[in-house]
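What follows is each chain in one-letter form.
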Amino acid sequence: MGSGGGSISWGQKLSFGTGHVLNDLCASVWFSYLLVYLQYVLLIPSGLSGIILLIGQIADAIATPLVGILSDHGQCCCIGGQRLCNYGKRKIWHLIGSICVIVSFPLMFVGCMGLCEHSNGIGYLVILIALVCLFQFGWAAAQISHLAMIPELTHVEAERDELNIIRFSFDIITDILVYAIALIIFSQSSHNLSQVTTESGIDFMILALSITGIGIIFTVIFHVGVDEKPIKIERPAAIMGTAAVSLKTQWLGWFYNWHFYRVGILYTAARLAHNTSIVFVPLYLQETQQSAEMLALIPLVMNIAGLLGSGFLKITIKLYGKKASYAMASLMGLISCIWLVIDTNLSENATTLDPLLGPPSSDNAQFYLLASMMGGGAAMVVILSLTSAADLIDSNTETSAFVYGCMSFCDKMSSGIVVAVIQGLHSWVCQEGCTYFYAQVLIYGVGIPFIFVIITSLLGPKTQSEQHEGRNVKNYGTCRTEEATSLIEYVH
């Protein structure tokens, strides 16, 4: 039930939604708190902290298409035999990735383990980078295998959209859970955000262990509740077998489909807007010397807004279509960026305009509204970009992991490079301290991706016949397969 059919049960849908909870829990901490942990607990310079995050993103970017290709091929079946095939070529990679995440993620937050004082901390950095790479490989394996199951569970566009909405709704709910737990932990700490020291490491360790335990429970629910259609081991008779050529040419076929690039840019821009906001909002709060509780409370507000926005998406898509939904979500995010520009300019001139005007305050109701608009808009465009990717794949489920892998590669590389560059600039520009550096990062680092989302979404298909954007890929692959077969016969 649910393997490529036209209708799947709500039990399967909800079980599928739990499959990315572990990843989502860890990603919230990775993006929101890793840089704070490295800079203010381990006292690693901001530039080096950005490089560590970049290394992780590169590892993720490389692993993503690699796992996608292996998953499409069903390589685990070739390694482990028919028993692994019966378990499912997507689920087995999901299991491998989840195990890597469970092992590596908590160890990233256990502190220096006595290694920081030896060899200038190089030994600890080597171990930390190794753990980061293992974590990102596991994260990529679980993410791609989970995404690739969507087109295989159902070929109905409305159900694919629903699975994406359910998937991202679980993402937002888990984000809310992370920040709620963090709020409890940080509110019991005696430190203010501007006074975080190495003694605060225990708070981050408790947070990491708590969310890993919760993630394990949801991972078990996913593997018990979701059925994947078993596949048979296919051993090609010759190296140039028809089946092998067909799959490879279908991969190549995507590069001849311009919608592949359009959706790739759309997906990358949406993810960049979301990632930039969740990475730099905590650092912005830190820059403006907010309390420790705000480190959890403001991201919590952003994700609640995202959850509410995801609930409206199904209605807006049905009433106005995806292009209008993209425009509404992006404009919401752009308004928050413009609002932050105005608020920052007023704050910089506070002494001349009004002595009561200070830095944008987390105690101000306007700031909560600004944060909710930014978080809600970013979450909505990410959901919409995932539905566009599923529409692009359509019935080409054999190469679904490859497509998601390529798009995630661009997403991870762009996010890692942007964060590393910004952190490098911070260490160079703010040697004597800055007041509004991260405010400018949020304005342009979030606003520009929203503009790209609007542009690329408007270039989408206009007619019903264009909606099945990936259909030509199979035709291209079939054509190229016939050409290759004819060439082989001619040579022989």
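Before reading on, note that the structure itself is shown above.
For the structure given in this document, a descriptive report is provided here.

1. Side note on helix α12 (residues 294–320)
- With 27 residues, α12 extends 36 Å from end C-alpha to end C-alpha; this agrees with the ideal 39 Å at 1.5 Å per step.
- In the structure, α12 departs most strongly from a straight axis at Phe 312, where the bend amounts to approximately 35°.
- Taken from the residues just after α12, Gly 321 is the one with a positive phi, measuring 95°.

2. A look at the nonpolar core
- Judged by nonpolar contacts, the single largest core of 121 residues is most densely connected at Tyr 33, Phe 105, Met 108, Phe 109 and Phe 280.
- Here this core takes 16 residues from helix α15 (residues 365–393), the largest share from any one element.
- In this structure Phe 105 touches Cys 26, Val 29, Phe 135, Ala 208, Ile 211 and Thr 212, once residues within four positions along its chain are discounted.

3. Section: the pattern of salt bridges
- On inspection of all chains with the given rule, the structure shows four salt bridges.
- Of the charged contacts, one joins Lys 412 and Asp 60 as a salt bridge, the two residues approaching to 3.2 Å between their closest N and O atoms. Of this pair, Lys 412 sits in helix α16 (residues 400–429) while Asp 60 sits in helix α3 (residues 46–73), placing them 352 residues apart in sequence.
- Residue class for Asp 60 comes out buried when judged on its relative accessible area of 2%.
- With a closest N to O distance of 2.2 Å, Asp 391 and Lys 322 form a salt bridge. Pair noted here: Asp 391 is in helix α15 and Lys 322 is in helix α13 (residues 322–348), with a separation of 69 residues, a long-range link. Lys 322 matches Asp 391 in its accessibility class, with the two residues each being buried.
- Connected through salt bridges with shared partners, the residues Arg 160, Lys 322 and Asp 391 form a single ionic network.

4. What to know about the packing of aromatic side chains
- As enumerated under the stated definition, the model contains 16 aromatic pairs in all.
- Here Tyr 37 and Phe 109 contribute two aromatic rings whose centre-to-centre distance is 4.9 Å and whose plane-to-plane angle is 55°, an arrangement assigned as tilted. Of this pair, Tyr 37 sits in helix α2 (residues 21–40) while Phe 109 sits in the loop between α6 (89–104) and α7 (122–153), and the two are 72 residues apart along the sequence. With respect to burial, Tyr 37 and Phe 109 carry one shared label: buried.
- An angle of 25° between the planes, with centres 5.7 Å apart, marks the rings of Phe 280 and Tyr 438 as stacked. You can see Phe 280 sitting in helix α11 (residues 258–287) and its partner Tyr 438 sitting in helix α17 (residues 437–458), a full 158 residues away along the chain.

What counts and how
- Residues numbered from 1 in each chain as written.
- Predicted model: local features only at pLDDT ≥ 70, side-chain atom pairs only at ≥ 80, totals over all residues.
- Heavy atoms only, no water.
- Helix = DSSP H or I, 4+ residues; strand = E, 2+ residues; numbered from the N terminus.
- Expected span 1.5 Å × (residues − 1).
- Bend = angle between axes of the 7 residues up to and from the residue.
- Core = buried A, V, L, I, M, F, W, Y, C linked by side-chain atoms within 4.5 Å.
- Buried < 20%, exposed > 50% of the residue type's maximum accessible area, 1.4 Å probe, protein only.
- Contact = heavy atoms within 4.5 Å.
- Salt bridge = Lys/Arg side-chain N within 4 Å of Asp/Glu carboxyl O.
- Phe/Tyr/Trp six-rings, centres within 6.5 Å; stacked < 30°, edge-to-face > 60°.

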